[in-house]
Amino acid sequence: MIRQAMTVALLLSSLAVPGTAFARDQIRIVGSSTVYPFSTRVAEEFGRITKFKTPIIESTGTGGGFKLFCAGAGMDTPDLSNASRAIKKSEIETCAKAGVDAITEVKIGYDGIVLANSREAPQMNITLEQLYRALAKDLPDGKGGFQPNPNQKWSDVDPSLPDKRIEVLGPPPTSGTRDAFAELAMEGGCKKIGAIEELEKSEPDKFKAVCQGIREDGAYIEAGENDVLIVRKLEANSNAFGIFGYSFLEQNQDKIQGSKINGIADTYENISSGEYPISRSLFIYVKKAHVGVIPGLQEFLVEFTSDKASGPEGYLSDKGLIALPDAEREKYQKVAKEFPDNVSM
Amino acid sequence: MSNGVEPMPNRLPAGAQNPVSAAVTASLKRRYAAERRFRLYGLLAVVFAALSLAALVFTIVQTGLPAFSTTMVRLPVTISSEAIDPAGTRDPQTLSGADYQKVVRDALAELFPDVTGRSQRRDLFSMLSPGGAYELRNRVMADPAVIGSRIEMLIPVADDIDQYAKGHIEASSKGIETRITDDQAQWFARLKDRGMIESVFNTRLFTAADSRSPELAGIWGALVGSFWTMAVTLVLSFPLAVGAAIYLEEFAPKNRWTQLIEVNINNLAAVPSIVFGLLGLAVFLNFFGLPRSAPLVGGMVLALITLPTIIIASRAALKAVPPSIREAALGVGASPIQTVFHHVVPLALPGMLTGTIIGMAQALGETAPLLMIGMVAFIVDIPSGPLDPATVMPVQIYLWSDSPERAFVERASAAIIVLLGFLIVMNVLAVVLRKRFERKW
């Protein structure tokens, strides 16, 4: 009886040594579902052509990724975190508190956010201000106050736009794409409106709420995190528009088309040159404590930043990643070899 | 009496109507109508449910079926010694690092001598899957004697070309640019004319693990992951749940504590599964330090989810065994534990197994709790044990259905078909067990 009890106790105590039991020879990556298709492509190539094991990539979303990444510096935490936005100050603080005090930021490319519709309907040409007026929750009422968005049709916003009901399918607030859209498109258009401009300095909180608030009266439909679903719905309903990442447009160009924003089409070249207004940067964050400890970590980042992968002709461009301009790409190729502390703690 | 029914003697004097019977007669029609209506509602509900199910299954099968075949190109490949092993040493290191991609591409370029420009060649080579080079490498590594010979290889085409061959993508025309260029459509037609294009059964779908290239991706990795996860779940949950059910039903005193436990078990069965995932993250990963993404942890979390299901079913099965069995056993001198394990449990076992299978089927379809413990991940290596990183079938479906590449849409549906197949088999097994072995009293 006593022997049995001791065996059980031993077994339990062997389990209870936190985080030391398993040495790792495989890179672990967490983070953004937007970066996931690119990251997995590189990982697969890396696993096939090098002697290292194929990294494991979890699709947790940018925020969820940083939570795991910043949980500690131990070897049981991820080495890299993919992000479809830059790391926030609060996340850097969480990281530092848990002992992750040296992080390297590697920019890998751009992603355009497109406003697309079915090819059966005409292509739309819209300015950011018009887009803001179509999708904002509240608009200035002209008397210094705000009123709920009265625009029901695109033509209510501007007579040049189609005489159709506003119907936009987009990601829910939990999505990084939604954050980026609110920041780049909505706020970008919002700033063009004189009445709001003054708010930015006097009441920054209200400015953010007014500029990034998206209407909830049914004109903007939250279609879930699944972009494939939005593409399918656009095929079925030629009156609807959808908001999603460029790679989904790139794969479905026979069925859907992107709208011109401020007169600029969402082509690879325009997003790459920065002319297309709604584009964001994609990043990988590296835990410096793991460099040189986890085998292959450095080689993986060299592969990721190489021209062969993320250059304009690289295999990631075929998956819809938009390459950095040459000078910037060279800069990050150097970063991937030297790992400077380029995230200020 | 011919019909055998005796007419009711009318006890009321003739002419006097019974007021109750009049009310009954009057309402009779309404009551029958109510019954007919209710039956109709029931029937309509069943028909609606059946139609929806049929529509769902039809869409999935229709989308998924094309994934079971794949387009290949039969290519004569010259494996020249200069390209692979210029020194002629046949050193495995040299063979492993050789540029097989180039060998395969040269074989294709040989067929299209008119394609010369850089971008044109790029378009041409992008018609082939990188899988061809991997396969050639495996062949040369396995048998270096093939170097210097010319062999015929069946190489998968790239996912876009496969989709084009299946009619899911149109070629670019009239200013609409698609994933297939005009040139590629022409080259494909030329290959087809020469009889080099073949549509074959997609064995890779069943033998490969996940890949970013849809034409190379398969469900085997996820199936093996599901197997290990389910094995851990079964090993943990079945004995624990059955033990708990036997103790609670046969031995435990009926007091406030056991009542509290009973209420808790019933409540646990209704807790959202993501909560169990959070628990797994906090306890198994953070406290005990078990590895992330491992089927062991996945199985432990899923065992927690299935425990209440199995306990409730097992207790119901034990309750269904009549007390006379227990009394008879005790009467001939069996101890309580002999009574339970020799007589009651064997009779209740079919019911317990049915509950277990239903619980396992439920666990097989779970994704939410696995997100927290890192099993929603891209994993190319096929797990060889419960400690290797793995993913499971429903997660694979989720990951594919969220991928931009269009060829993943049909693969996700194909994976759904396979998963549905497993679920149907498990549920049929549960029904058969119940029908064949369950004793009726």
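Residues numbered from 1 in each chain as written. Chains lettered and ligands numbered in written order. Predicted model: local features only at pLDDT ≥ 70, side-chain atom pairs only at ≥ 80, totals over all residues. Heavy atoms only, no water.

Quick look at the sheet that holds strand 2 (residues 150-156) of chain B now. Residue and element names in this part refer to chain B. With respect to topology, three strands assemble into an open sheet ordered 2-1-3, the strand pairing being antiparallel. If you trace the sheet from one side to the other, it starts and ends with strand 2 and strand 3 (197-201), each paired once. For this sheet, the mean angle separating the axes of adjacent strands, direction not counted, is 40°. Where strand 1 (residues 69-78) lies against strand 2, seven bridges are found, and the strand directions are antiparallel. Paired with P76 across the strands is E152, a residue of strand 2. Against the sheet, helix 4 (residues 100-111) contacts strand 1 and strand 2, and its axis sits at roughly 90° relative to strand 1. Across the face of the sheet, helix 6 (residues 131-142) comes into contact with strand 1 and strand 2 while running at roughly 140° to strand 2. (Pairing = 2+ DSSP bridges. Helix = DSSP H or I, 4+ residues; strand = E, 2+ residues; numbered from the N terminus. Axes fitted to C-alpha atoms, helices over the stretch in contact; angles between N-to-C directions. Contact = heavy atoms within 4.5 Å.)

Here the focus is unusual backbone geometry. Apart from glycine, the bulk of residues carry a negative phi angle, and the bulk of peptide bonds sit in the trans form. Residues and elements named next belong to chain A. Despite not being glycine, N262 has its phi angle at roughly 50°, a positive value. Inspection of the secondary structure assignment puts N262 in the loop between strand 12 (260-261) and helix 13 (268-273). We classify N262 as partly exposed; its relative accessible area is 33%. (Buried < 20%, exposed > 50% of the residue type's maximum accessible area, 1.4 Å probe, protein only.)

On the side of chain A, 42 residues touch chain B, which itself brings 43 residues to the contact. Between chain B and chain A, the buried area comes to about 3,700 Å², and carbon and sulfur atoms account for 49% of it. The largest per-residue losses of area from chain B upon contact with chain A belong to R179, R212 and F378 of chain B, which jointly make up 19% of the total buried on that side. Connecting chain B to chain A are six salt bridges. As a salt-bridge pair, R179 of chain B and E250 of chain A come within 2.6 Å of each other at their nearest N and O atoms. Taken together, chain B and chain A are joined by 18 residue pairs in polar contact (both at pLDDT 80 or more). For the side of chain B that touches chain A, the secondary-structure elements that each account for two or more residues are helix 5 (118-125), helix 12 (273-287), strand 4 (377-378) and helix 17 (393-401) of chain B. For the side of chain B that touches chain A, the per-class residue count stands at 19 nonpolar, 11 polar and 13 charged. (Buried area = accessible area lost by both parts, 1.4 Å probe. Salt bridge = Lys/Arg side-chain N within 4 Å of Asp/Glu carboxyl O. Polar contact = N/O pair within 3.5 Å; in protein donor to acceptor, adjacent residues only side chain to side chain. Nonpolar A, V, L, I, M, F, W, Y, C, P; charged D, E, K, R; others polar.)

One turn of an α-helix holds 3.6 residues; hence residues three or four places apart share an orientation. All names here are of chain B. Here helix 6 is 12 residues long and its end C-alpha atoms lie 16 Å apart, about the 16 Å a rise of 1.5 Å per residue gives. Within helix 6, burial applies to G131, G132, A133, L136 and V140. Turning to helix 6, the residues buried within the fold contact strand 1, helix 2 (81-84), helix 3 (92-97), helix 4, strand 2 and helix 9 (204-207). (Expected span 1.5 Å × (residues − 1).)

On to the confidence of the model for chain A. Detailed reading of the predicted coordinates is not advisable wherever pLDDT is low. Averaged over every residue, the pLDDT of chain A is 86; the share at 70 or more is 93%. In this model, residues 5-21 of chain A is a region of pLDDT below 50 whose contacts with residues beyond four sequence positions or in other chains number 12 contacts. (pLDDT = per-residue confidence, 0-100.)

Residue and element names in this part refer to chain B. Considered domain by domain, chain B is made up of domain 1 (68-201) and domain 2 (220-437). Here domain 1 and domain 2 have C-alpha centroids that lie 46 Å from each other. Buried surface at the junction of domain 1 and domain 2, both sides included, amounts to about 570 Å², of which 50% is carbon and sulfur. Among the residues of domain 1 in contact with domain 2, F68, D159 and Q163 are the three that bury the most area, contributing 63% of the side total. Across the domain 1-domain 2 interface, the total number found is one salt bridge. (Domains from an automatic or database assignment.)

Glancing now at the pairing of strand 3 (residues 80-83) of chain A. All names here are of chain A. Burial along strand 3 is two-sided: L80 and N82 and S81 and A83, pointing in opposite directions, are all buried. As judged from the three bridges shared by strand 1 (residues 28-31) and strand 3, these two strands associate in the parallel manner. Residue pairing for strand 3: G31 is matched across the bridge by N82. By the bridge criterion, four bridges tie strand 3 to strand 13 (residues 279-287) in an arrangement that is antiparallel. Considered in strand 13, the bridge of S81 is made with Y285.

Next up on the list: the state of the cysteines. Residues and elements named next belong to chain A. As enumerated under the stated definition, the model contains two disulfides over all chains in all. Each sulfur of the disulfide joining C70 and C95 lies 2.0 Å from the other. On the S-S bond that ties C70 to C95, the torsion sits near -75°, and the link is left-handed. With C70 in the loop between helix 3 (62-69) and strand 3 and C95 in helix 4 (residues 89-97), this pair connects stretches of sequence that are 25 residues apart. For C70, a relative accessible area of 3% corresponds to the buried category. Between C190 and C211 runs a disulfide, and the two sulfur atoms are separated by 1.8 Å. Given an S-S torsion of about -55°, the disulfide between C190 and C211 has left-handed geometry. Within this pair, whereas C190 is found in helix 7 (residues 176-190), its partner C211 is found in helix 10 (residues 204-212), the two being separated by 21 residues in sequence. We note that C190, like C211, is buried. (Disulfide = S-S within 2.5 Å.)

This brings us to the pattern of salt bridges. Taken as a whole and judged by the stated rule, the model has 42 salt bridges over all chains. In this structure, the salt-bridge partner of R133 of chain A is E129 of chain A, at a minimum N-O distance of 3.3 Å. With R133 of chain A and E129 of chain A both in helix 5 (residues 128-135) and four residues apart, this pair spans about one turn of that helix. Among the residues examined, E129 of chain A registers a relative accessible area of 27% and is labelled partly exposed. Two residues, D162 of chain B and K166 of chain B, come together in a salt bridge whose shortest N-O distance is 3.1 Å. One network of salt bridges, with partners in common, ties together E250 and D318 of chain A together with D160 and R179 of chain B.

With that settled, the discussion passes to a nonpolar patch on the surface. Taken together, the side chains of V20, V24, L28 and Y32 of chain B define a hydrophobic patch exposed on the protein surface, amounting to about 360 Å² of accessible area. Mapped onto the elements, V24 of chain B comes out in helix 1 (residues 19-64). (Patch = residues over 30% accessible without salt bridge, like charges linked within 9 Å, V, L, I, M, F, W, Y side chains within 5 Å. Areas by Shrake-Rupley, 256 points an atom, 1.4 Å probe, with all protein chains shown as cover.)

For the rest of this paragraph, the subject is the side chain of S129 of chain B. All names here are of chain B. Structurally, the position occupied by S129 is in the loop between helix 5 and helix 6. Overall, the relative accessible area of 4% leaves S129 in the buried class. Once residues within four sequence positions are removed from consideration, S129 is found in contact with P156, V157, A158, E215 and L216.

For the rest of this paragraph, the subject is the domain arrangement of chain A. Residue and element names in this part refer to chain A. We note that the domain assignment places domain 1 (24-111 + 281-338) and domain 2 (112-279) within chain A. The gap between the C-alpha centroids of domain 1 and domain 2 is 29 Å. Residue-level contacts link 12 residues of domain 1 with 14 residues of domain 2. When domain 1 packs against domain 2, close to 1,000 Å² is buried across both sides, 47% of that on carbon and sulfur atoms. When the buried surface of domain 1 facing domain 2 is broken down by residue, D111, G320 and I322 rank first, second and third, together holding 46% of it. The interface formed by domain 1 and domain 2 holds zero salt bridges in total. At the junction of domain 1 with domain 2, the criterion picks out two residue pairs in polar contact (both at pLDDT 80 or more). Considering only residue class, the side of domain 1 that touches domain 2 consists of five nonpolar, four polar and three charged.

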